[in-house]
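Single-letter residue listing:
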Amino acid sequence: MIDITLIRENPNIVRKAMADRQMDATPVDRVLELDQVRRMLIQEVEALKAERNAVSKEIGQMKDAQQRQQKINTMREVGEKIAALDERLRQVESDLNNALAVIPNLPDSRTPYGRDENDNVVIKTVGELRQFDFEPLPHWDLGPRLGIINFEQGVKITGSRFYVLSGAGARLQRALIAWMLDLHRRQGYLEKYPPFMVKGQTLFGAGQLPKFQDNLYHDIEEDLWMVPTAEVPLTGLHMDDILDEDKLPLRYTAYTPCFRREKMSAGRDVRGIKRGHQFDKVEMYIFCRPEESDTELEKMRQDAEDTCAGLGLPYRVKQLCSGDLGFGAAITYDIEVWAPGCGEWLEVSSVSNVRDFQARRANIKYRPANGGRSRLVHTLNGSGLGMPRTLIGVLENYQQADGSIVVPEVLRPYMSGLDVIRGE
């Protein structure tokens with residue numbers, strides 16, 4: 001959430017930021033209007049309460065019963081007016097918070113201007129694209145031929161955009177998750193196993209509500225929400241906490257399945273397992289002091305890159321432009337692996353510095369070691385990595401002419417030594 005003081009004192013900065021994001025800036029005007037009404041109501045309420053307090057002292061000293069009763073009757077009317085104003089103030093404050101909640105984070109000064117994903121900037125490409133002496137197959141052909149991906153069963157038991165991994169395919173997915181968690185632990189992250197369902201308050205703190213409400217799965221009876229990413233429960237770990245400065249940075253990693261009611265565009269990402277309503281992901285998350293967050297961003301990006309490199313996958317790093325930036329992010333790097341069968345780059349990680357945007361919503365602060373008022377932390381998040389696109393990258397890059405799949409060396413200890421997938 002944006003600091004309301006910034007909107008109040010420099011509204012044009014926020015308007016420009018929203019324009020750079022290709023968004024309508026009218027919510028800024030709504031915030032300013034409600035903020036002005038709120039402050040006027042506070043002044044009016046405080047003046048009436050001061051009057052009531054002063055008259056109450058007078059009443060206590062009055063000897064004339066008739067005059068005292070008149071004052072009491074007048075103050076009763078003042079009390080009713082205060083109650084009405086307090087109720088109106090609560091409603092205005094609620095409306096103000098709702099208006100603030102839909103304003104996105106300000107893009108970092110290093111975020112390039114752009115209208116959409118076509119204006120994202122490729123920073124570097126790492127690794128040689130494999131040259132095949134045969135026509136590489138896409139995973140939607142490879143998987144069924146090997147018996148490790150079954151699309152029909154997924155549709156039968158759940159519906160479209162679901163699938164079943166079988167045998168070595170299921171083991172390979174599990175191996176990827178376990179290896180990535182172990183790698184991030186060596187990189188300095190503490191592993192967490194969070195709930196896969198959270199309260200609405202947790203989603204709000206992470207910046208998912210109310211913006212992405214239509215894309216979330218909600219159990220109305222229990223008022224619990226299935227997580228769209230482990231970023232959400234990891235943010236929630238320290239909601240309303242005041243952390244000790246000497247404990248920062250806190251670096252966490254976690255695996256969760258992720259659930260999103262994504263609206264599938266006809267003809268876009270509809271083949272295979274690239275996009276679905278349920279997927280697995282390993283997340284990296286950092287709480288740190290504001291002055292450390294740029295350094296932590298570079299660490300997290302390098303940790304995500306090292307994950308791709310450890311799997312031997314060619315990858316490239318892109319910086320997102322303002323028009324493609326996520327709602328809560330100030331600056332974001334996407335990491336994409338090459339999928340030779342699909343013939344495209346697939347995003348497997350998105351690494352972002354959110355600055356104090358989530359911390360303000362979730363009320364996460366730290367206590368300076370040298371004293372003084374508590375300060376908001378900065379938070380960062382990044383995929384390390386996301387499935388199933390990492391799985392796609394492995395299947396398509398390690399395929400052989402006979403249709404088998406060589407298991408990357410780092411995964412073999414997690415596959416009971418299996419080095420080649422030849423079918424189930």
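Residues numbered from 1 in each chain as written. Predicted model: local features only at pLDDT ≥ 70, side-chain atom pairs only at ≥ 80, totals over all residues. Heavy atoms only, no water.

Visitor: I keep staring at the side chain of asparagine 397 and nothing clicks. Help me out?
Guide: Tracing the backbone through its elements, the reader meets asparagine 397 in helix α12 (residues 389–397). Taking relative accessible area as the criterion, asparagine 397 reaches 7% and is therefore assigned buried. Of the polar contacts made by the side chain of asparagine 397, one reaches the backbone oxygen of tryptophan 338; its length is 2.7 Å. (Helix = DSSP H or I, 4+ residues; strand = E, 2+ residues; numbered from the N terminus. Buried < 20%, exposed > 50% of the residue type's maximum accessible area, 1.4 Å probe, protein only. Polar contact = N/O pair within 3.5 Å; in protein donor to acceptor, adjacent residues only side chain to side chain.)

Visitor: Sorry if this is basic, but what is going on with the sheet that holds strand β1 (residues 121–126) here?
Guide: As summarised here, the arrangement of the 8 strands in space is β1-β11-β12-β13-β16-β10-β9-β4, forming an open sheet in which the pairing is mixed. The outermost strands of the open sheet, each flanked by one partner alone, are β1 and β4 (190–192). Direction aside, neighbouring strands of the sheet carry axes that sit 25 degrees apart on average. Strand direction decides the pairing type here: strand β9 (residues 250–259) and strand β10 (residues 278–288), joined by 10 bridges, are antiparallel. Across the sheet, the residue bridging to alanine 254 is glutamate 283, located in β10. (Pairing = 2+ DSSP bridges. Axes fitted to C-alpha atoms, helices over the stretch in contact; angles between N-to-C directions.)

Visitor: Honestly, the packing of aromatic side chains in this entry has me stumped. Any pointers?
Guide: On inspection of all chains with the given rule, the structure shows 8 aromatic pairs. Look at phenylalanine 196 and tyrosine 255: their rings are 6.3 Å apart centre to centre, the planes differ by 85 degrees, and that puts the pair in the edge-to-face class. Note that phenylalanine 196 is positioned in the loop between β4 and β5 (197–199) and tyrosine 255 in strand β9, a separation of 59 residues in sequence. With a relative accessible area of 24%, phenylalanine 196 lands in the partly exposed category. Relative to phenylalanine 327, the ring of phenylalanine 212 lies with its centre 6.1 Å away and its plane at 90 degrees, an arrangement referred to as edge-to-face. In this pair, phenylalanine 212 sits in the loop between α8 (200–205) and β6 (218–219) while phenylalanine 327 sits in the loop between β11 (315–319) and β12 (331–339), placing the two residues 115 residues apart along the sequence. Put simply, the rings of Tyr193, Phe196 and Tyr255 touch in pairs and so form one group of aromatic residues. Directly above the aromatic system of tyrosine 252 lies the positively charged group of lysine 192, at a separation of 4.8 Å from the ring centroid. Cation over ring: arginine 301 sits above tyrosine 333, and NZ or CZ is 4.6 Å from the ring centre. (Phe/Tyr/Trp six-rings, centres within 6.5 Å; stacked < 30°, edge-to-face > 60°. Lys NZ or Arg CZ within 6 Å of the ring centre and 35° of its normal.)

Visitor: I would appreciate a short explanation of the environment of proline 290 in the present structure.
Guide: For proline 290, the position within the fold is in the loop between β10 and α10 (293–310). On a C-alpha basis, the gap between proline 290 and aspartate 356 in space is 7.9 Å, while along the polypeptide they are 66 residues apart. Not counting residues within four places of it along the chain, the set of residues in contact with proline 290 comprises Tyr366, Arg375, Leu376 and His378. (Contact = heavy atoms within 4.5 Å.)

Visitor: What should I look at first to understand the side chain of glutamine 208 in this one?
Guide: One can find glutamine 208 in the loop between α8 and β6. With residues near it in sequence (within four places) discarded, glutamine 208 still touches Leu203, Gln213, Leu216, Pro228, Thr229 and Val232.

Visitor: Is there a simple way to explain the nonpolar core in this structure?
Guide: The tendency in soluble globular proteins is for nonpolar side chains to be buried side by side. In this structure, Leu172, Leu176, Leu391 and Ile421 are the most contacted members of the largest nonpolar core, which totals 51 residues. For this core, the leading source of residues is helix α7 (residues 168–186), giving 9 residues. Among all residues touching isoleucine 421, those that are not within four sequence positions of it are Leu146, Ile148, Ala168, Leu172, Ser404, Ile405, Val407 and Met415. (Core = buried A, V, L, I, M, F, W, Y, C linked by side-chain atoms within 4.5 Å.)

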